[in-house]
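This is what each chain is made of:
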Amino acid sequence: MGGMLSPSVMCADLLHLYDEIEMLDSLGVEFLHIDFMDNKFVPNITFDTNMVKSFKKPMRTIRRDIHIMAFEPQQFFDAMEISKGDMVSVHYEACEDAHKVLADIRSRGASPCLAISPDTPVEVVKDFFSEVDAFLLMTVYPGFAGQPLAPKSMERLKKLKELVVASGKDIKIEVDGNVSWDHCVEMRENGADIFVAGSSSVYGKKYPLDEAVRVFYSLVK
Ligand code: DX5
Ligand code: ZN
């Protein structure tokens, strides 16, 4: 299976979102990356829960890839209408009991994913192999688009891949942050499966969105 794409909608043309989501859907893009921020866990705000819910409207096959950068994320699940088909990432650093939150996501028929920030040792994932469908490795400090790669991101990705392979579980690895045209190739080589593509690639200035998607897939197949 080739690399999967999750365009980061916070980098999209916000005044043409509906059309862009329809286009991504028609291009067979697997996920739409929706960053939700509470202005506490990270000093920023993007979309409210109502907007996160409404992203489902234009979707036929593309899935919501909801990245919740908020403390106690389970408080938002009802308002976001988390349900079957969604992949939901919650931060290890933001949950009192991450096991309980991940189980809540699973109980709604959605795919639980544990996100870890750049300063969190990748070894923490060892306690979650039986509870997640994916890990989200933050390759920038969460909260803002347009940042440079966090230190040691490629080494961390390699280490995470080793741990997942050793677990024997079919767990995907998603990378999020400065997934640039160059970095995505190296990230694929180091074990990434799902690529959050934002301002440093598909939403950059190099190609129109449809061509950028095609180029991206050619780089991570
Ligand atoms: C950062 C967000 C990312 C970001 C990716 O907290 O999670 O989705 O928007 O965009 P770039 O490619 O600009 O890092
Ligand atoms: Zn994100």
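For the structure, see preceding data.
Residues numbered from 1 in each chain as written. Chains lettered and ligands numbered in written order. Predicted model: local features only at pLDDT ≥ 70, side-chain atom pairs only at ≥ 80, totals over all residues. Heavy atoms only, no water.

**Student:** Describe in detail the site of ligand 1, supporting the description with residues and values.
**Tutor:** Taken together, 19 residues lie near ligand 1, and Gly143, Gly146, Asn178, Ser199 and Ser200 sit nearest. Between ligand 1 and Ser8 there is a distance of 3.1 Å, counted from an oxygen atom to a side-chain nitrogen or oxygen. Side-chain polar atom of Asp176 to an oxygen atom of ligand 1: 2.9 Å apart, as the coordinates give it. Protein chains shield 100% of the accessible area of ligand 1, which is 380 Å² for the free molecule. (Near = heavy atom within 4 Å. Polar contact = N/O pair within 3.5 Å; in protein donor to acceptor, adjacent residues only side chain to side chain. Areas by Shrake-Rupley, 256 points an atom, 1.4 Å probe, with all protein chains shown as cover.)

**Student:** Which residues make up the side chain of Asp86, and what are the values?
**Tutor:** Counting through the fold element by element, Asp86 comes out in the loop between helix H3 (77-80) and strand S4 (87-91). Among the polar contacts listed, one links the side chain of Asp86 to the backbone nitrogen of Ser83, at a separation of 2.9 Å. Leaving out residues up to four positions away in the same chain, Asp86 has contacts with Arg63, Arg64, Ile66, Glu81, Ala110 and Ser111. (Helix = DSSP H or I, 4+ residues; strand = E, 2+ residues; numbered from the N terminus. Contact = heavy atoms within 4.5 Å.)

**Student:** Outline the packing of aromatic side chains, listing residues and values.
**Tutor:** Aromatic rings considered in pairs are described by the distance between their centres and by the relative angle of their planes. Applying the stated criterion across every chain yields a total of eight aromatic pairs. Where Phe41 meets Phe71, the ring centres are 5.4 Å apart and the plane angle is 85°; that geometry is what we call edge-to-face. In this pair, Phe41 sits in the loop between strand S2 (31-37) and helix H2 (49-54) while Phe71 sits in the loop between strand S3 (63-69) and H3, placing the two residues 30 residues apart along the sequence. By relative accessible area, Phe41 is classed as buried at 16%. Centre to centre, the rings of Phe195 and Phe216 are 5.8 Å apart; their planes meet at 65°, and the pair counts as edge-to-face. Here Phe195, found in strand S8 (residues 194-197), pairs with Phe216, found in helix H7 (residues 209-220); they are 21 residues apart in sequence, far enough to count as distant. Of the two residues, Phe195 and Phe216, both sit in the buried class. An aromatic cluster is defined as three or more aromatic residues linked by ring pairs; in this entry it consists of Trp181, Phe195, Tyr207 and Phe216. (Phe/Tyr/Trp six-rings, centres within 6.5 Å; stacked < 30°, edge-to-face > 60°. Buried < 20%, exposed > 50% of the residue type's maximum accessible area, 1.4 Å probe, protein only.)

**Student:** An account of the pairing of S3 is needed here, citing residue identities and associated values.
**Tutor:** Taking burial as the measure, the seven residues of S3 include six buried ones, the bulk of the element. Sheet analysis places S2 next to S3, joined by seven bridges and oriented parallel. Looking at the pairing, His33 lines up with Asp65 of S3. Pairing geometry for S3 and S4, over four bridges, is parallel. The partner of Asp65 across the bridge, within S4, is Met87. (Pairing = 2+ DSSP bridges.)

**Student:** Help me get a handle on the coordination of the zinc ion (ligand 2), residues and values and all.
**Tutor:** Under ideal tetrahedral coordination, the four donors around a metal are separated by 109.5 degrees; under ideal octahedral coordination, the six donors are separated by 90 or 180 degrees. Coordination of the zinc ion (ligand 2) by the protein involves His33 (NE2), Asp35 (OD), His67 (ND1) and Asp176 (OD), with metal-donor separations of 2.0 to 2.2 Å. Written as a sequence motif, the donor residues of the zinc ion (ligand 2) are H-x1-D-x31-H-x108-D. You can see Asp35 sitting in strand S2 and its partner His67 sitting in strand S3, a full 32 residues away along the chain. His67 carries the same exposure label as Asp35, and that label is buried. (Donors = N, O, S within 2.8 Å, 3.2 Å for Na, K, Ca; no water.)

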